[in-house]
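The chain contents come next:
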Amino acid sequence: MKFKVLVIDHSLQHIEEIKSAFTHSQLVEQIYEASDGTEALKILKAKKIDLVICNIVLPDMNGLEFLKALKAIPDCGHLPVIFVSCQAQVDYKAKAFELGAQEFLIRPFDPEDLILRAKSLVRLKTTYEELHIRIRDLEKTANIDPLTGIFNRKYLIDALRAELIRSRRHRFTPACLMIDIDNFKTVNDTLGHSVGDRLLMELAQRLSGQLRGYDFAARYGGDEFVVLLPQSSKGGSLALAERLRHVIDSEPFLITGERNIHLTISIGIAAFSGSEVSSEEQLLTIADRALYEAKQVGRNCIAIAESFEEFRVEPPKGFYRRNYRKYSRFPFLAPVKLIDQETKESTMAYTINISYGGLGMYIQKPIAEKQRVQVLIPLTDPNGKLREERVEGMVRWVRQIHDHYGFGIEFEELNIKDHPLTLNFIREAERLSP
Ligand code: GH3
Ligand code: MG
């Protein structure tokens, strides 16, 4: 450890004494000299010094005045100072320690003693600085969600509180978009927690990618996110919410090893100013109620609070057209075993959606139309146990998409005796949709 020392003394002989002690120790990178307090303060403002050794009597100010001025310089608050004097009154010493001096040496002193004290003081200073940097880093990470790298709930609450106060003064309307992934538990249960984690990461990035200026996204917890728009309106927040919904619904998520996972989100919006709501909790509660409405009418849609009690649901653009079929299709993401009824050969495939009529799926190898297959569908029974239910069907269509194949299977028959779990799953999905 080599350090930079500033020696302040009006006597050249005193300065030389100290310099020679340090030169012998080979501890010092550079020694700066000053003959009075004013010159010393100039050096301290311009250079990075590790240790100050100062005569307690200076021509232009006394040692205590110098110490006060030094402590006021930015980044010098914790600079170690050794006072040197020919004599020292006890109360003066006490005052100097109170102001932050670390050592008091009485002449004549042993040069080795000076070096030992200097070393330990500089070590202390370095430790303090390292700690300070770590605390700053910790403060930064305290606001960040470790999985997704976006802001966490604590940061969101603080920001919301500040925005509501600001909105009272400036008549802004902050909008709070509460976002929750639809049926994420099924994704986790079927594809595993680590795939779930990666989906959460990508989803956070997609949401953040749509935001501008002062708007930001935070992970509220689990599969819930909040987007805060400090200056918005009901119309503006609805338009953004539809963009967010679309950016998740329109592009499947590509996760290595698993492919094309289709996710959707539901969004609840509360846009009220600080004069209308009393706290950030109230705004979040209203956004959460709106989200509940969006989930109730079938997910993948947006509900906005018209007042604290009334909610309007916005169907996603094109939603009804896409879903107008003989049987409604419900999202169902699961890796399944696919068995050729003739050859009995089995392959892995993935389901995308399910209806009373059949399954939408994809696979990595080509598959023939009209092929008769069995699908082993993993579903949980009423006791929460994962079971495989076998359904039979025929491949109705196949479409190549890049390096894999999308295809549709039409069920031969679904009955309550052989397929209770599949039927239950579809019924439940149907019950929850609009
Ligand atoms: P809904 O459409 O009603 O929201 O259904 P859901 O299955 O998404 O239900 P809910 O939002 O209540 O469940 C959240 C699920 O999110 C529960 C858990 O499996 C999953 N989850 C929560 N936190 C994490 C996480 O950090 N990582 C992963 N992989 N999954 C999580
Ligand atoms: Mg959810």
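Our subject is the structure listed above.
Quick caveat: nothing in here was measured; it's all calculated off a predicted structure.

## A short note on the coordination of the magnesium ion (ligand 2)
Thought 1: Every protein donor of the magnesium ion (ligand 2) is listed here as Asp 180 (OD), Ile 181 (O) and Asp 223 (OD), and their distances to the metal cover 2.0 to 2.3 Å.
Thought 2: Look at where the donors of the magnesium ion (ligand 2) fall in the sequence and you get D-I-x41-D.
Thought 3: Given the relative accessible area of 12%, Asp 180 is considered buried.
Thought 4: You can call Ile 181 buried: its relative accessible area is 1%.

## Topic: the nonpolar core
Thought 1: With 36 residues, the main nonpolar core has Leu 177 and Leu 263 as its most contacted residues.
Thought 2: Listed by contribution, the elements that provide at least two residues to this core are strand 6 (175-181), helix 7 (184-191), helix 8 (193-209), strand 8 (224-229), helix 9 (234-249), strand 9 (253-255), strand 11 (265-271) and strand 12 (302-305).
Thought 3: Not counting residues within four places of it along the chain, the set of residues in contact with Leu 177 comprises Phe 225, Val 226, Val 227, Leu 229, Ser 237, Leu 240, Ala 241, Leu 244, Ile 267, Gly 268 and Ile 269.

## Focus: the packing of helix 3 (residues 63-71) against helix 4 (residues 90-99)
Thought 1: Following both chains from N to C, one finds helix 3 and helix 4 inclined at 5°, their axes separated by 10 Å at the closest point. In terms of orientation, helix 3 and helix 4 fall into the roughly parallel class. Residues Gly 63, Leu 64, Leu 67, Lys 68 and Lys 71 of helix 3 form the contact with helix 4, whose own contacting residues are Tyr 92, Lys 95, Ala 96 and Leu 99.
Thought 2: Partitioned by chemical class, the residues of the contact of helix 3 with helix 4 number 5 nonpolar, 1 polar and 3 charged.

## Observations concerning the sheet that holds strand 13 (residues 311-314)
Picture the strands of a sheet paired through backbone hydrogen bonds; they go either parallel or antiparallel.
Thought 1: What the 6 strands build is an open sheet, ordered 7-8-6-11-12-13; its pairing is mixed. What marks the edges here is a single partner per strand, and that holds for strand 7 (216-221) and strand 13. Strand-to-strand, the axes of this sheet are offset by a mean angle of 20°, without reference to chain direction.
Thought 2: Two elements, strand 11 and strand 12, share 3 bridges in a ladder whose sense is parallel. Pairing of Ile 269 across the sheet is with Ile 304, part of strand 12.
Thought 3: Against the sheet, helix 6 (residues 153-170) engages strand 7 and strand 8, with an angle of about 125° to strand 7.
Thought 4: Of the strands in this sheet, strand 6, strand 7, strand 8 and strand 11 are in contact with helix 8, which crosses strand 8 at around 15°.

Thresholds applied
- Residues numbered from 1 in each chain as written.
- Chains lettered and ligands numbered in written order.
- Predicted model: local features only at pLDDT ≥ 70, side-chain atom pairs only at ≥ 80, totals over all residues.
- Heavy atoms only, no water.
- Donors = N, O, S within 2.8 Å, 3.2 Å for Na, K, Ca; no water.
- Buried < 20%, exposed > 50% of the residue type's maximum accessible area, 1.4 Å probe, protein only.
- Core = buried A, V, L, I, M, F, W, Y, C linked by side-chain atoms within 4.5 Å.
- Helix = DSSP H or I, 4+ residues; strand = E, 2+ residues; numbered from the N terminus.
- Contact = heavy atoms within 4.5 Å.
- Axes fitted to C-alpha atoms, helices over the stretch in contact; angles between N-to-C directions.
- Parallel < 35°, antiparallel > 145°, perpendicular 65-115°, else oblique.
- Nonpolar A, V, L, I, M, F, W, Y, C, P; charged D, E, K, R; others polar.
- Pairing = 2+ DSSP bridges.

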